[in-house]
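Inside the fold
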Amino acid sequence: MIEVLTKATVFIAIIVMGYLLKRKGFFKASDFRIISKIVLNITLPCAVISNFNNLKIDMSLLFLIFIGIICNLVTVGAGYLVALKKSDDEKAFNMINFSGYNIGCFAMPYVQNFLGPIGVVATCLFDAGNSLLCTGGTYSIASAVAKTDGKTTLSSFIKKVFSSIPLNTYIIMLIVSYFNFQIPKPIIMFTDTVGAGNGFLAMLMVGVGLELNLKRSQIGKIVQTLSIRYGISIIMAFIFFIFLPFSLEVRQVLAIIVFAPVSAVSIAFTEKCNGDVGLASAINSSSIIFSIIVMTSMLLIMNV
């Protein structure tokens, strides 16, 4: 338990450091995008490759892809129902900001450092399903509800999804693992070195992107959104941990990652649907703080 608490404290310290350095002017708000590009396109794919390497995957774990999709659809549906008697714009806002899981830049570093290679593989498979909705699926549904002009076609949706380097890495490594291909040792040495920095850069990025300037008028909506989202997460975590026919480690991973923060792209999609971007940003930052507390607490309780 002491080791888990120490690692979690280090992660939180990195987030706080990133936030304080931004406040002091060392980082600018625009630096968030630079760090996120490095994490999503370089360090995260390398961490995935290293953790998949020489790991024989039980093909039954592919079901986790559908779990990622289902979790998103449930929260999208919850967002719609909460605003059932309200405007279409409110429905679209809820559908976008109730759903989506920040896996690559938040949950993955936790899993990578606490739950080992099989935990990373399970997280990658969940995120493959999650990504299908996060990168365009949810926005397509929400924009249809809000009746905005920027509709997502099937071809643009597919193009957007498969332009995701992490998702492409998941797919490639699944094929490599299934056929037992051996990745050359120099490549693994490279990915081991680069991937080792994923946890630090991801947590630093979270700190740089964190915004704590909440308006009083936003608090009610933030509380409502996070209460419903994490209430659903509690139910999902219970079902996944108790009833799914997977190993204890995989069930622990699922029970933890459903408490990941709202996806960072929700802010951009809120803007496309002509929603309240400031409120979406406040919900996103608040969900990060809440997820830090919940996921760290769960790791301590599970004592993994």
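Position numbers for residues start from 1 in each chain and track the written sequence from start to end. Where local features are concerned, this predicted model is filtered to residues with pLDDT of at least 70; where side-chain atom pairs are given and counted, the filter is 80 or more; whole-chain, interface and lining totals use all residues. Computation of side-chain values: all heavy atoms of the structure, hydrogens and water removed.

- An unreviewed UniProt entry annotates the protein chain as Transporter of Clostridium neonatale.
- UniProt positions are given in the numbering used here, feature names are shortened, and annotations may be inferred rather than shown by experiment. In its Subcellular location (unreviewed entry) section, the UniProt entry covering the protein chain states "Cell membrane".

**Considerations on the environment of N130**
- Helix and strand definitions here come from DSSP, where helices need a minimum of 4 consecutive H or I residues and strands a minimum of 2 consecutive E residues; each element is numbered from the N-terminal end. By the secondary structure assignment, N130 is in helix α6 (residues 116-146).
- Buried means the residue's accessible area, taken with a 1.4 Å probe over protein chains only, is under 20% of the maximum for its type, while exposed means over 50%, and partly exposed covers the values in between. A relative accessible area of 1% means that N130 is categorised as buried.
- As a C-alpha pair, N130 and G100 span 30 residues in sequence and 6.7 Å in three-dimensional space.
- By definition, residues are in contact when any of their heavy atoms lie within 4.5 Å. For N130, the contacting residues outside a window of four places in its chain are G68, I69, N72, G100, Y101 and I103.

**Things to note about helix α3 (residues 63-82)**
- Here α3 spans 29 Å end to end across 20 residues, near enough to the 28 Å set by a 1.5 Å rise per residue.
- Inspection of α3 places L64, I65, I67, G68, C71, N72, T75, V76, A78 and G79 among the buried residues, and these make up the whole buried set.
- Those residues of α3 that are buried lie in contact with α4 (88-97), α6, α11 (216-243) and α12 (248-257). The span one expects for a helix is its residue count, reduced by one, times 1.5 Å.

**Side note on the packing of aromatic side chains**
- Any two rings among Phe, Tyr and Trp, with Trp reduced to its six-membered ring, count as a pair given centres within 6.5 Å; such a pair is stacked if its planes are under 30 degrees apart, edge-to-face if over 60, and tilted if neither. In total, this model carries eight aromatic pairs according to the counting rule given.
- An angle of 40° between the planes, with centres 6.4 Å apart, marks the rings of F63 and F66 as tilted. Separated by three residues within a single helix, F63 and F66 lie in helix α3, roughly one turn from each other.
- With a centroid separation of 5.0 Å and an interplanar angle of 10°, the aromatic rings of Y139 and F269 are classed as stacked. With Y139 in helix α6 and F269 in helix α13 (residues 266-272), the pair connects residues that are 130 residues apart, well separated along the chain.
- Assessed through its relative accessible area of 8%, F269 is described here as buried.
- The rings of Y230, F259 and F290 are connected pair by pair, giving a single aromatic cluster.
- Placement of a positive charge over a ring is assigned whenever Lys NZ or Arg CZ falls within 6 Å of the ring centre and within 35 degrees of the normal to the ring plane. Across the ring face of Y80, the terminal group of K91 is positioned such that the distance to the ring centre comes to 5.8 Å.
- Just above the ring of F241 sits the side chain of R251; from NZ or CZ to the centre is 5.4 Å.

**Here we look at the UniProt feature "transmembrane region" (unreviewed entry) in the protein chain**
- Using the residue numbers shown here, the UniProt feature "transmembrane region" (unreviewed entry) corresponds to residues 6-22, 34-53, 59-83, 161-181, 193-214, 226-246, 252-270 and 282-302.
- Within the segment residues 34-53, helix and strand shares are 95% and 0% respectively, and the terminal C-alpha atoms sit 28 Å apart.
- Between the C-alpha atoms that bound residues 226-246 the distance is 28 Å, and the span itself is 86% helix and 0% strand.

**Some thoughts on the packing of α3 against α11**
- The interhelical angle for the contact between α3 and α11, taken along N-to-C directions, is 145°, at an axis separation of 11 Å. Handedness of the α3/α11 crossing: right-handed. Where α3 abuts α11, its residues I67, C71, V74, T75, A78 and V82 lie against Q224, I228, I232, M236 and F240.
- For this classification, the nonpolar set comprises Ala, Val, Leu, Ile, Met, Phe, Trp, Tyr, Cys and Pro, the charged set comprises Asp, Glu, Lys and Arg, and every other residue, Gly included, is treated as polar. Its residues assigned to classes, the contact of α3 with α11 shows nine nonpolar, two polar and no charged. Lines fitted to C-alpha atoms define the axes, with helix axes restricted to the stretch in contact, and inter-axis angles between N-to-C directions lie between 0 and 180 degrees. By definition, any crossing whose near helix is turned counterclockwise from its far helix by less than a right angle is left-handed, and any crossing with a clockwise turn is right-handed.

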